[in-house]
Amino acid sequence: MAATKTQKIIIDTDPGQDDAVAILLALGSPQELEVIGITTVAGNVPLELTTRNARMVCELAGRPDIAIYAGCDRPLAHTLVTAEHVHGKTGLDGPTLPEPTMPVQDKHAVDFIIETLRTEPSGTVTLCPLGPLTNIATALQRAPDISDRIKEIVLMGGAYFEVGNITPAAEFNIYVDPEAAEIVFKCGAPVTVMPLDVTHKALVTKPRNDAFRALGTKAGVATAQMTDFFERFDKEKYGSEGAPLHDPCVTAYLIKPDLFTGRNINVEIETQSDLTRGMTVADWWGVTDRGPNATFMGDIDADGFFALITERLATL
Ligand SMILES: [Ca+2]
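What comes next concerns the included structure. Just so you know, these numbers come straight off a predicted model, no measurement behind them.

**Notes on the environment of Ala 109**
Structurally, Ala 109 can be placed in helix α4 (residues 109–119). Since its relative accessible area comes to 0%, Ala 109 is described here as buried. With 75 residues separating them along the chain, Ala 109 and Glu 34 place their C-alpha atoms 18 Å apart. With residues near it in sequence (within four places) discarded, Ala 109 still touches Thr 39, Thr 40, Tyr 69, Ala 70, Gly 71 and Asn 135.

**Quick notes on the coordination of the calcium ion**
Distances from the calcium ion to its protein donors, namely Asp 14 (OD), Asp 19 (OD), Asp 19 (OD), Leu 130 (O) and Asp 247 (OD), fall within the range 2.2 to 2.6 Å. Overall, Asp 14 belongs to the buried group, its relative accessible area being 0%. By relative accessible area, which is 2% here, Asp 247 ends up buried.

**Looking at the packing of aromatic side chains**
For the coordinates displayed, the defined rule picks out 8 aromatic pairs. Measuring from ring centre to ring centre gives 3.9 Å for Tyr 69 and Phe 112, while their planes differ by 10°; the resulting arrangement is stacked. Placement of Tyr 69 in strand β3 (residues 68–70) and of Phe 112 in helix α4 is noted, with a sequence separation of 43 residues between them. Judged by relative accessible area, Phe 112 falls into the buried class, the value being 7%. With a centroid separation of 6.1 Å and an interplanar angle of 80°, the aromatic rings of Phe 161 and Trp 285 are classed as edge-to-face. Of this pair, Phe 161 sits in the loop between β5 (150–156) and α6 (172–176) while Trp 285 is found in the loop between β11 (280–282) and β12 (294–300), placing the two residues 124 residues apart along the sequence. Residue Phe 161 is classed as partly exposed on the basis of its relative accessible area of 46%. Classification of Trp 285 as exposed rests on a relative accessible area of 56%. By the ring-pair criterion, three or more aromatic residues cluster together here, those being Tyr 160, Phe 161, Trp 284, Trp 285 and Phe 296.

**Considering the nonpolar core**
Looking at soluble globular proteins, one finds that nonpolar side chains tend to be buried together. Residues Ile 11, Ile 38, Phe 260 and Phe 305 are the most contacted members of the largest nonpolar core, which totals 54 residues. For this core, the leading source of residues is helix α1 (residues 17–27), giving 8 residues. Residues within four places of Ile 11 in sequence aside, it is in contact with Ile 23, Ala 26, Val 35, Gly 37, Ile 38, Thr 39, Cys 128, Leu 130 and Thr 251. The next biggest cluster of nonpolar side chains, apart from the first, holds 39 residues, and it includes Ile 113, Ile 174, Val 191 and Ile 269.

**What about unusual backbone geometry?**
A cis amide bond, omega -15°, links Pro 15 with the succeeding residue Gly 16. Looking at where Gly 16 falls in the secondary structure, it is placed in the loop between β1 (7–13) and α1.

Definitions and limits used
- Residues numbered from 1 in each chain as written.
- Predicted model: local features only at pLDDT ≥ 70, side-chain atom pairs only at ≥ 80, totals over all residues.
- Heavy atoms only, no water.
- Helix = DSSP H or I, 4+ residues; strand = E, 2+ residues; numbered from the N terminus.
- Buried < 20%, exposed > 50% of the residue type's maximum accessible area, 1.4 Å probe, protein only.
- Contact = heavy atoms within 4.5 Å.
- Donors = N, O, S within 2.8 Å, 3.2 Å for Na, K, Ca; no water.
- Phe/Tyr/Trp six-rings, centres within 6.5 Å; stacked < 30°, edge-to-face > 60°.
- Core = buried A, V, L, I, M, F, W, Y, C linked by side-chain atoms within 4.5 Å.

These figures come from the coordinates and say nothing about function on their own.
In structure tokens form, the structure reads like this:
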């Protein structure tokens, strides 16, 4: 057995094709990651659909035993903005997957997050937000004592050099709920960020997509179909050689941190300006005296990243 200690994680998610791959990667990596629960949030599509999609993905992985908790159906302060233009009407367009039959837990996602952090030994649970930060911020607001007990928050969101994808200045997850993001970035727990600067280097090129499909398994083929769908939008928008696979950067980091490099810096969230609302103001060059509050990643070994995903999908 490897000496690596299995890390307990809660995946907070708004699936989303790339969320789906992030979840599959985690479930395919039981040596490194123990998924103690999946919490859903409104984001790419409304909550009812993100909860349905999370269940579909667990069933695709052959894991109907995973506990799924539905969370907040709208951001803290503003109306929900969704992204059907990227992810399709269901949020998980691409493959044809059966309607899920596994249950949703009765408990609210926020209660699950609070209770888990209070019950598990302090510093043993990592939160993995892959969507707007509404559930995590609500938990922190309601139970400020939990911030000291979080091992780490590893999230996909924000951008500095790549600036924005939903507005010229903001990345989608942060833009949807900047007030929540501000609470999370100020909470005092260690925060690691996978911004667009990283995820726009994690492109599903044709050979990488072919490698998923060539696995010939349900999970491999569905992943290829999901990234095919996703790709249409990004190819039109960026003219890139493939779609960026955003959210799996979070779970890949927990399995193989060496795939990523970044800087421990100060990151503030713009919540006021109409023009730049949701911008992650990252002090990459250290031009302020503001203390560091996040490890902001800047680069990825993309070949290593795709090799890891393909290897772990093969085990499902
Ligand atoms: Ca997501």
